[in-house]
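Letter by letter, the chains look like this.
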Amino acid sequence: MASSIVISSQSPTPPQPNLAFRRLRGQRSPAEFAAAVRRAAREIGESVSCDARYVGRVEAGEIRCPNYAYERVFLHMFPGRTLTDLGFASRASVRGRRTRTTGETAGTYEPYDTQDPDETYDNYEESDVLRRAFMTGGGATVAAASLGPLGLALDAEAAGRPVRRAGAGEAGALEEAVRRIRLLDDRHGADGLYQRAAAPLRAAYALLDAGATRQTTADRLHAGAGELAISVGWLAHDSGRFDDARSHYAEALATARVTGDDALEAHAFCNTAFLARDAGRPREAVRAAQAAQRVARPLGSARLMSLLALREAGGWAGLADRTGCEQALVRAQAYFERGLSDADPEWMSFYGEAELEGLEAQCWSTLGDWRRAARHARRAADLQDPHFTRNIALYTAELADDLARGGRPDEGAAAGLRVLELLGEVQSSRIQTMLAATARVLLPHRRASGVSAFLERHASLPRIA
């Protein structure tokens, strides 16, 4: 069996309250401070699910060192301070508590940022280990070694043993797996992730079948499994596996309906609408987007309503209904201008002005208004946070195609070359398909400035299987 993290033979040191962090909270309640943490995360493109309980665990000293996402957020909130200034132990000293072995004790775990062995989910840091597990790993074995309680569920399932009833640690590990998959997709695209993500999804449903120790944990498991199904569905969607994506989105929708989770249902309908548009079923895209808006309206997130209006606009564009598309775009812009709120779902961290511009560009492109599409695509690429490498490549590929089709082959080729430079970091069949279409459009213009260079580079591009 692969090496795993084991419990140390030494007695754990009692946690020491983090008084420095408590002073920084000031007069704000834990819930108010948690909301401030979430807002700060959105400002820098991070996604954390901080709540009053997490703040309480930090102040109690249970979390000796935050994971990398929380570290970036805290240092953004309190510029000029270090982790030590915030009352945390250094990462190096906390990592020293880990030991590794093989044999009968493999599979047990000592968390390095908490004293509670049932609350291990805060320590799954964004690391090379996790990236390798999804990008280059060898299936379930690597995923199990990298995903803590989810990995233990995979081990039990593979060995034919009963999966133990889930506690808060398993629910938290599931939530963290969703965040990490989304983070890696933002940076590297879907193609290298899809097969790897099947392992934690299988573990999630094994945990659901095993049951949970508390109803609150069961609710978290259902929500986490649904969100994970959507994330894995998106990886299938973005890598051109539309049938797989449809199945995963339907699973998430069923989970939402069973548990009465309106937020999950809205998310599932949102992605279903996007998939229907891409699969050439624009009327279904409109219906799914409208269903999502009916479910989402009471949730109180204007940004979510904005994105759903854009999904509807994409469907109207596919139906060549310019009026319907324009009306939906106006609603999307109006909702967007209402700004951020604490009701915005965590998964929407990608949705900012750049994504708004990018989705509008796709609508105008579908309607054949290349000039307007190129204007919005250029703005999308310029506005995008560097963290979202995949989206920069996507928007630039959209720009290249719009310019090429709009009679500006030299500019289209230049944009296409910029995308090719990013494909060392990004693996996305969607983007490769867009570039292939652009190459076909540019082929009659091979003698124009820069076009031959793009065509030659594109022809030598390794194709993703």
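Our structure is the block above this text.
Everything in this summary refers to the structure shown in the same document. (Residues numbered from 1 in each chain as written. Predicted model: local features only at pLDDT ≥ 70, side-chain atom pairs only at ≥ 80, totals over all residues. Heavy atoms only, no water.)

This paragraph deals with the overall build of the protein. Of regular secondary structure, the protein possesses 22 helices and 2 strands. When burial is assessed residue by residue, the protein has 55% of its 465 residues classed as buried. Partitioning the intrachain contacts of the protein with sequence separation of at least 6 by distance along the chain shows that 69% fall at a separation of at least 24. For the protein, the computed accessible surface area is about 20000 Å², with 51% contributed by carbon and sulfur atoms. (Helix = DSSP H or I, 4+ residues; strand = E, 2+ residues; numbered from the N terminus. Buried < 20%, exposed > 50% of the residue type's maximum accessible area, 1.4 Å probe, protein only. Contact = heavy atoms within 4.5 Å. Areas by Shrake-Rupley, 256 points an atom, 1.4 Å probe, with all protein chains shown as cover.)

Attention now goes to the side chain of Asp-344. Within the fold, Asp-344 resides in the loop between α16 (322-336) and α17 (353-366). In terms of polar contacts, Asp-344 uses its side chain to reach the backbone amide nitrogen of Ser-341, at 2.9 Å. Look past the residues within four positions of Asp-344 in its chain and what remains in contact with it is Ser-301, Ala-302 and Arg-303. (Polar contact = N/O pair within 3.5 Å; in protein donor to acceptor, adjacent residues only side chain to side chain.)

With that settled, consider helix α18 (residues 370-383). With 14 residues, α18 extends 20 Å between its outermost C-alpha atoms, agreeing within 8% with the 20 Å of an ideal straight helix rising 1.5 Å per residue. Those residues of α18 that fall on the buried side of the exposure criterion are Ala-373, Ala-374, His-376, Ala-377, Ala-380 and Ala-381. Buried residues belonging to α18 abut α17 and α19 (389-405). (Expected span 1.5 Å × (residues − 1).)

Looking now at the nonpolar core. Leu-228, Leu-307 and Tyr-351 are the most contacted members of the largest nonpolar core, which totals 63 residues. At 10 residues, helix α15 (residues 302-318) tops the list of elements feeding residues into this core. Excluding residues that lie within four positions of it along the chain, Leu-228 makes contacts with Leu-174, Val-178, Ile-181, Pro-200, Leu-201 and Ala-204. In terms of nonpolar packing, the next biggest core, distinct from the first, is built from 25 residues, Ala-381, Ala-413, Leu-420 and Leu-422 among them. (Core = buried A, V, L, I, M, F, W, Y, C linked by side-chain atoms within 4.5 Å.)

The next subject is the environment of Gly-314. Relative to the elements of secondary structure, Gly-314 occurs in helix α15. For the pair formed by Gly-314 and Arg-277, sequence separation is 37 residues and the distance between their alpha carbons is 6.7 Å. Those residues in contact with Gly-314 that lie beyond four places of it in its chain are Arg-277 and Cys-363.

Mapped onto the secondary structure, Asp-369 falls in the loop between α17 and α18. Here Asp-369 falls in the buried class, since its relative accessible area comes to 19%. Here Arg-322 takes part through its side chain, which lies 3.4 Å from a polar atom of the side chain of Asp-369. When sequence neighbours within four positions are dropped, the list of residues in contact with Asp-369 reads Arg-322 and Trp-364.

Once that is clear, we can look at helix α22 (residues 451-459). For α22, the complete set of buried residues consists of Val-451, Phe-454, Leu-455 and His-458. The arc that holds the buried residues of α22, viewed along the axis, is 95°, so those residues lie on one side. Here the buried face of α22 lies against α20 (409-422) and α21 (429-442). (Arc of directions from axis to C-beta.)

Trans peptide bonds make up the majority, and among non-glycine residues the majority have a negative phi. Notably, Ala-320 is not glycine yet its phi reads approximately 60°, a positive angle. Within the secondary structure layout, Ala-320 lies in the loop between α15 and α16.

Okay, the pattern of salt bridges next. Scanning the model with the defined rule gives 21 salt bridges in all. In this structure, Arg-25 and Glu-59 form a salt bridge, with 2.5 Å as the shortest nitrogen-oxygen distance. Remark: Glu-59 occurs in helix α3 (residues 52-59) and Arg-25 occurs in helix α1 (residues 19-25); sequence separation between them is 34 residues. Among the salt bridges present, the one from Glu-411 reaches Arg-378, with a minimum N-O distance of 3.6 Å. Linking Glu-411 in helix α20 with Arg-378 in helix α18, this pair joins segments that are 33 residues apart in sequence. By relative accessible area, which is 32% here, Arg-378 ends up partly exposed. A network of salt bridges, in which partner residues are shared, links Asp-238, Arg-277, Asp-278, Arg-390 and Arg-430. (Salt bridge = Lys/Arg side-chain N within 4 Å of Asp/Glu carboxyl O.)

The subject of this paragraph is the environment of Arg-297. Within the secondary structure, Arg-297 sits in the loop between α14 (282-296) and α15. Expressed as a C-alpha distance, the spacing of Arg-297 and Asp-262, which sit 35 residues apart in the sequence, is 9.8 Å. Residues in contact with Arg-297, not counting those within four places in the same chain, are Met-305 and Tyr-335.

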